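# Close look at the chain arrangement
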Amino acid sequence: MPKSRNQVPDQDEEKVSTAKEPLLFGRFSRRSFLTQLGAASIAASTAPLAHATATVPAPAEALQDKPPVPGAVPVTLKINGQTHQIMLEPRVTLLDALREYIPLSGTKKGCDHGQCGACTVHVNGRRVNSCLSFAIMHQNDEITTIEGLAQNGEPHPVQAAFVEQDGFQCGYCTPGQIMSASALLNEPIGKEDADVREAMAGNICRCGAYTNIVAAIQQVRHSA
Amino acid sequence: MQTFQYSQAKSIDVAVDVKGKFIAGGTTLVDLMKLNVEKPAALVDINGLPLDRIESTPDGGLKIGALVRNSDLAWNADVKQRYPVLSEALLSGASPQLRNMATTGGNLLQRTRCYYFRDTNYKCNKREPGSGCSAIDGFNRIHAILGTSDHCIATHPSDMAVAMMALEATVHTRGSKGERSIALNDFYLVPGTTPDKENVLEPGELITHITIPALPQGARSHYLKLRDRASYEFALASAAVVVQISGGKIQRARVAMGGVGTKPWRSKEAEQALQGHEASEHTYRAAAEAALKPAKPMRDNGFKVELAKRAIVRALQVATQTA
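Residues numbered from 1 in each chain as written. Chains lettered and ligands numbered in written order. Predicted model: local features only at pLDDT ≥ 70, side-chain atom pairs only at ≥ 80, totals over all residues.

## Quick look at the overall build of chain B
Operational definition: Helical segments are the DSSP runs of H or I of at least four residues, strand segments are the runs of E of at least two, and each set is numbered from the N terminus. Radius of gyration here uses only the C-alpha atoms, and the compact-globule reference equals 2.2 Å multiplied by the residue count raised to the power 0.38. Exposed residues have 12 or fewer other C-beta atoms within 10 Å of their own C-beta, buried residues have 20 or more, and residues in between are partly exposed; the C-beta atoms are placed from the backbone. Note on contacts: residues are paired as contacts if their backbone-placed C-beta atoms lie within 7 Å.
Broken down by element type, chain B carries 13 helices and 12 strands. Relative to a compact globule of 323 residues, whose C-alpha radius of gyration would be 20 Å, chain B shows 19 Å and is just as compact. A principal-axis box enclosing the C-alpha atoms of chain B has dimensions of 60 × 50 × 35 Å. Scored against the burial criterion, the 323 residues of chain B give a buried share of 53%. Once local pairs closer than 6 in sequence are excluded, the contacts in chain B between residues at least 24 apart make up 65%.

## Concerning the nonpolar core
All names here are of chain B. Quick note on the threshold: Nonpolar core, as used here: buried Ala, Val, Leu, Ile, Met, Phe, Trp, Tyr and Cys residues forming one set through C-beta atoms within 7 Å.
Counting 147 residues, the largest nonpolar core has Ala163, Met164, Ala166, Ala240 and Ile312 as its most contacted members. When residues in this core are grouped by element, the largest group, eight residues, is from helix α13 (residues 303–321). Sequence-distant contacts of Ile312, that is, excluding residues within four places in its chain, are made with Ala239, Val255, Ala270, Tyr284, Ala287, Ala288 and Ala291.

## Here's the deal with the interface of chain A and chain B
Let me state the cut-off plainly: Only Asp, Glu, Lys and Arg are considered charged in this grouping, and only Ala, Val, Leu, Ile, Met, Phe, Trp, Tyr, Cys and Pro are considered nonpolar; every other residue, Gly among them, is considered polar.
Contact residues are listed per partner, giving 25 residues for chain A and 20 residues for chain B. Only β4 (126–129) and α8 (193–199) of chain A provide two or more residues apiece to the side of chain A that touches chain B. If one sorts the elements of the side of chain A that touches chain B by residue count, β4 of chain A sits on top with four residues. Counted by class, the side of chain A that touches chain B contains nine nonpolar, nine polar and seven charged residues.

## Remarks on helix α6 (residues 157–165) of chain A
Residue and element names in this part refer to chain A. This is how the line gets drawn: The directions considered for the arc are those from the helix axis to the C-beta atoms.
All of the buried residues along α6 are Val158, Gln159, Ala161 and Phe162. The buried residues of α6 occupy one face: seen down the axis, they fall within an arc of 165°. Summarising the contacts, the buried residues of α6 are in contact with α7 (174–184) and α9 (210–223). Within two residues after α6, Asp166 carries a phi angle of roughly 60°, on the positive side.

## So, the pairing of strand β9 (residues 220–226) of chain B
All names here are of chain B. To be explicit about the condition: Criterion used throughout: strands pair if DSSP finds at least two bridges between them.
Counting buried positions over the seven residues of β9 gives five, a clear majority of the element. Where β9 lies against strand β10 (residues 237–246), seven bridges are found, and the strand directions are antiparallel. Residue Leu224 lies in a different strand from β10, and its bridge partner there is Ala239.

## Some remarks on the sheet that holds β10 of chain B
Residues and elements named next belong to chain B. Worth spelling out the cut-off: The axes are straight lines fitted to the C-alpha atoms, using for helices just the contacting stretch, and the angles between their N-to-C directions are given from 0 to 180°.
In space, the four strands of this open sheet follow the order β9-β10-β11-β12, with antiparallel pairing throughout. The open sheet has two edge strands with one neighbour each: β9 and β12 (265–266). Sitting on the sheet, helix α5 (residues 84–91) is in contact with β9 and β10, with an inclination near 20° to β9.

## Notes on the confidence of the model for chain B
Our working rule: pLDDT measures how confident the predictor is about each residue, on a scale from 0 to 100.
When pLDDT is averaged along chain B, the result is 97; 99% of the residues meet or exceed 70. With a pTM of 0.90, the predicted complex shows an ipTM of 0.96.

## What to know about the packing of helix α12 (residues 281–292) of chain B against α13 of chain B
All names here are of chain B. Just so we agree on the cut-off: Roughly parallel means an angle under 35 degrees; roughly antiparallel, over 145; roughly perpendicular, 65 to 115; everything else is oblique. The hand of a helix crossing depends on one turn: near helix anticlockwise from the far one by less than a right angle means left-handed, and clockwise means right-handed.
Interaxial distance between α12 and α13 falls to 9 Å at its minimum, and their mutual angle equals 140°. Here α12 is positioned oblique relative to α13, judged by the angle of their axes. The interaxial crossing formed by α12 with α13 has right-handed handedness. Across the interface between the two elements, Glu281, Tyr284, Arg285, Ala287, Ala288, Glu289, Ala291 and Leu292 from α12 touch Val305, Ala308, Lys309, Ile312, Val313, Leu316 and Gln317 from α13. Across the contact of α12 with α13, the residue classes tally to 10 nonpolar, one polar and four charged.

## As for α9 of chain A
Residue and element names in this part refer to chain A. Stated formally: In this analysis, the expected span of each helix is defined as 1.5 Å times one less than the number of residues it contains.
Its 14 residues give α9 an end-to-end C-alpha distance of 20 Å, which sits within 8% of 20 Å, the value for a rise of 1.5 Å per residue. For α9, the set of buried residues is Ile213, Ala216, Ile217 and Val220. Along the long axis of α9, the arc covered by the buried residues comes to 90°, so they all point the same way. Facing away from the buried side of α9 by more than 90 degrees, the exposed set consists of His222 and Ser223.

## Quick word on unusual backbone geometry
For the bond running from Ile102 of chain A to Pro103 of chain A, omega is -10°, close enough to zero to count as cis. Mapped onto the fold, Pro103 of chain A is located in the loop between α5 (94–101) and β3 (120–123). Positioned with a positive phi, Glu168 of chain B is a non-glycine residue whose angle comes to about 55°. Assignment of secondary structure puts Glu168 of chain B in the loop between α9 (160–166) and β6 (170–175). You will see that Tyr232 of chain B, though not glycine, has its phi angle at about 55°, which is positive. C-beta crowding within 10 Å serves as the criterion here: with 20 such atoms nearby, Tyr232 of chain B is assigned to the buried category.

Okay, structure coming up:
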């Protein structure tokens, strides 16, 4: 079930947009397709109500109309070079702020306890688990997510290498793997595959694409 | 997760005055808040305090700010060269992401990984004093064999603290009553009848920095960690050793263990068995026997006695090989 707070491309899109998720293929991406599908199924299953209210409100718009959550405070986050002002409870993690409030859903929630690495982002250039940190604690930090890794429309070398080396299967851990791997390039680790494996120990891949992930990272390191 | 008041400490004095739990890296605290094991009414964010420096001390030692991240401490050139045991211990713990977040002060205050402590459905004297201990009659393969009581057998999870124990570190704090310095060996408490009280910190008392004395000329050190998988796992048994050998004899030795004690476990028995004796496997085995003599294994963790002995012997062999 898609998250109700994801934006839906519709006629009101411009009004509610704060940070648009990149639509990979023109206006259509897997996510925009699924989100529309979700809205359509809500409309179908609540047909009598939908008649009464004329239209199903766009989920993102619905969020805007909600009264503020008690205890929410203004929080300013700088994500991928863009400043966002949002109302958050102090207990909202950086991961949930990114996914549910900005919304940038490229960063994934796996274990939510710092054990799987799916939520890895860069804070001031260093890789961290965004699930184990409160968003309110990052107001002066430069946060980079998978959406901000490409520069000038060009994939980051690690992104390109993951494609070339087939460094994934289902893809769920991939944003975290790539954020971890791209930070690893600046860390003082050894040259061997074993060093890369140790340095990537904080990122779990359920599909077991480890061999190709190591190959992708080594390809980038060797070409640097 | 329960709601809490959040504030940022602008100075050490303010941090000590504000009522609330300190948060720095958050890697233990946020995890436990999600499990409702920790339920602070207020959090005081200390990340803005100027406690993030690693400096040499006039006596040739090292002063490490409480907010120095584990990765910065592990990769610090001075630490790598002069205190390899500390760098090795840090790099054997957690993952690179967590080490980028976790701080020196926070690492000392890590809570146990006992699954009964982490699950509020079970009885736990550490989490809820007087409720009982589910581990004593439960599945206790990962639990402690040294420093246990009838009330708690949870291990202390830190690797860094084990190395610091062997390096005879001192914890420096600031509280409402002023500053104080506590030898790390006196900082931790064994559970006894009050397993909820893990260290001597008073409410509101803040760790500001840790100091490590200079090692004697020619001293060698090593950290060896044994666990269920090769990386990103807590220790079943670990050993931190610091040895100084001259003329084939051990002049001075410090031995601490992780994964087996209710606190980072320094073994003066092992040190006595080493000091003044020939640097040989025979001596190392005698030291390991002495270190584990007080061990009280439970139903599932008897293997740790032999594992810890081998960790000590192997760590001493590695440390002295390079001498």
